[in-house]
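Below are the chains, spelled out letter by letter.
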Amino acid sequence: MSVLAIKNIGILVTGDINNPISEANTVVVEDGKIKRIGDEKLLEKFQCDKVIDAQGTTVTPGLIDSHVHPVIGDFTPRQNMLGFINSSLHGGVTTMISAGECHTPGRPKDVEGTKALALLAYKSSKNARPGGVKLHGGGLILEKGLTEKDFEELAKQGVWIVGEIGLGTVNNPKEAAPMVEWAKKYGFKVMMHTGGTSIPGSTTITAEDVMTVNPDVVSHLNGGPTAISLNEVKKLIDETSYALELVQCGNFKVLKQAVEWLNEKGQLDRIILGNDSPSGTGIITLGILRSIAYIASMAGIPAEKAICMATGNTARIYGLNVGIIEEGREADFVIMDAPMGSVGEDCLKALEAGDLPGISMVIIDGNIAVSKSRNTPPPVTKAAIC
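The following paragraphs examine the structure supplied in this document. (Residues numbered from 1 in each chain as written. Predicted model: local features only at pLDDT ≥ 70, side-chain atom pairs only at ≥ 80, totals over all residues. Heavy atoms only, no water.)

## Comments concerning the overall build of the protein
Phase 1: When helices and strands are tallied, the protein shows 11 helices and 22 strands.
Phase 2: For a compact globule of 386 residues, the expected C-alpha radius of gyration is about 21 Å, and the protein comes in at 20 Å, within 12% of that figure.
Phase 3: For the C-alpha atoms alone, the extent of the protein along its principal axes is close to 60 × 45 × 35 Å.
Phase 4: When each of the 386 residues of the protein is scored for burial, the buried share is 60%.
Phase 5: Residue pairs in contact within the protein that sit at least 24 positions apart in sequence constitute 75% of those at least 6 positions apart.
Phase 6: When the accessible surface of the protein is summed, it comes to about 14300 Å², and 47% of that surface belongs to carbon and sulfur atoms.
Phase 7: Measuring between centres, the 36 positive side-chain charges of the protein sit 2 Å from its 44 negative side-chain charges. (Helix = DSSP H or I, 4+ residues; strand = E, 2+ residues; numbered from the N terminus. Rg over C-alpha atoms; globule rule 2.2 N^0.38 Å. Buried < 20%, exposed > 50% of the residue type's maximum accessible area, 1.4 Å probe, protein only. Contact = heavy atoms within 4.5 Å. Areas by Shrake-Rupley, 256 points an atom, 1.4 Å probe, with all protein chains shown as cover. Lys, Arg positive; Asp, Glu negative; His and termini not counted. Charge placed at Lys NZ, Arg CZ, Asp CG, Glu CD.)

Following this line, the structure appears as structure tokens:
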């Protein structure tokens, strides 16, 4: 039995957007799961193998990137990039969700080929975790000819995500809608491309198209990279209850307006954050942190709630046992502080000032995956092993 404790936490961000900050200052992890949360008296009840002193800094759940386009392992030919997943870990990302392996060279577009690709990517991502990052691969790309039995067969093998609709040959909402019904019947989570075309073969998708198909997640509401009009955005906000994904590789004017409208409606729990990368925009390893900082500094949202958009919100929508600091959850954490030179007096104030925090540790399943971020600026105060 392995026991890890984090003590002397200055700010504990829970990941729960309805209760984003906890008064607790100590977390105990047992065999990769959060065992107890409270004060330092907890340490008297456990024989810890390792104790981390957060030294008054901020602890959050591991960040979730809700929209990545991997290929295999930690390589993507889109930007001829090796190691992008491990590099994102140094930006606090501990979980990634594939929106489809669309950049695979020679990607098959027949029924058996698209099924095989989804199954390969799913099983590969289960077996290979670059740096420890939990990549949920195998986003099935919808191609013409898929039947209900195909979804049933894939579900039995563990595949559970439909990559963003619009990447494959199924672009017509009337063709996609029955496939989405089959997918949901067998427990798939379904995401749908929204906005202008992004890759050859994709099409512009409107709010009405999305509503016809009825996915679980509206992918890149603010464009991937081209956004729908603000009227279309408002329609999806007002007339649906879908999860609304905002991405770094998109339109920031639309991102800001969408957050403000959802805040007015008291519906910030619908927002999840992704990069939509690797893409033509590039690979943005600090993209999730950058989106959090933008929302906290420009859209008037408290930083702790912006962090919840990239943690607990995504975990709830996709049914993952991560993203919230509560007993029984997988023990993924980021320990960070204001960066040196920031006007912010702590991590949250720095984010609200528009600065990226400095990460001193990233922990996955109770194991230290990063002891010093190679990508963020240095924190004012670093966590230390006692």
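## Let's talk about helix α3 (residues 148-157)
A turn of α-helix holds 3.6 residues, and therefore any two residues three or four places apart point the same way.
Phase 1: For α3, the set of buried residues is D150, F151 and L154. All buried residues of α3 project into a common sector of 95° when viewed along the axis, lining one side. Facing away from the buried side of α3, by more than 90 degrees, are the exposed residues K149 and K156.
Phase 2: Packed against the buried residues of α3 are α2 (111-127), β13 (139-140), β14 (161-165) and α4 (173-185).
Phase 3: One or two steps after α3, the chain reaches G158, where phi turns positive at roughly 110°. (Arc of directions from axis to C-beta.)

## Quick notes on the pattern of salt bridges
Phase 1: Tallied over the entire structure, the rule returns 20 salt bridges.
Phase 2: Where D332 meets K134, a salt bridge forms, and the shortest distance between an N and an O atom there is 2.9 Å. Taken together, the positions of D332 in the loop between α10 (312-318) and β19 (333-337) and K134 in strand β12 (residues 134-136) put the pair 198 residues apart, joining distant regions of the chain. For the residue pair D332 and K134, the accessibility class agrees, reading buried in each case.
Phase 3: For E352, the salt bridge identified is with K349, shortest N-O distance 3.9 Å. Here E352 pairs with K349, and both are found in helix α11 (residues 347-352), just three residues apart, close to one helical turn.
Phase 4: Residue classification places E352 among the partly exposed positions, given a relative accessible area of 28%.
Phase 5: Residue classification places K349 among the partly exposed positions, given a relative accessible area of 41%.
Phase 6: Connected via shared salt-bridge partners are R129, K134, E330, D332 and D365. (Salt bridge = Lys/Arg side-chain N within 4 Å of Asp/Glu carboxyl O.)

## Examining the environment of Y294
Phase 1: Locating Y294 in the fold gives a position in helix α8 (residues 287-298).
Phase 2: Note: C-alpha distance between Y294 and D346 (52 residues apart in sequence) is 17 Å.
Phase 3: Not counting residues within four places of it along the chain, the set of residues in contact with Y294 comprises F252, L255, K256 and A299.

## Digging into the sheet that holds strand β2 (residues 11-13)
Phase 1: One open sheet holds the six strands; their spatial order is β3-β2-β7-β19-β20-β21, and the pairing between them is mixed. What marks the edges here is a single partner per strand, and that holds for β3 (21-22) and β21 (367-370).
Phase 2: Note: strand β20 (residues 358-364) against β21, three bridges, orientation antiparallel. Residue pairing in the sheet places I363 in a bridge with I368 of β21. (Pairing = 2+ DSSP bridges.)

## Considering the packing of aromatic side chains
Phase 1: Scanning the model with the defined rule gives four aromatic pairs in all.
Phase 2: Here the aromatic residues F151, W182 and F188 are joined through ring pairs into a cluster of three or more.
Phase 3: The ring of W261 has K234 sitting right over it, with the charged end atom 5.5 Å from the ring centre. (Phe/Tyr/Trp six-rings, centres within 6.5 Å; stacked < 30°, edge-to-face > 60°. Lys NZ or Arg CZ within 6 Å of the ring centre and 35° of its normal.)

## Looking at the pairing of strand β1 (residues 3-7)
Phase 1: The buried fraction of β1 amounts to four of the five residues, a majority that puts the element mostly inside the structure.
Phase 2: Summarising the sheet, β1 and strand β4 (residues 26-30) pair through four bridges and their orientation is antiparallel. Among the inter-strand pairings, I6 is bridged to a residue of β4, identified as V27.
Phase 3: Relative to strand β6 (residues 50-53), β1 runs parallel, the two being bridged by four bridges. Considered in β6, the bridge of I6 is made with I52.

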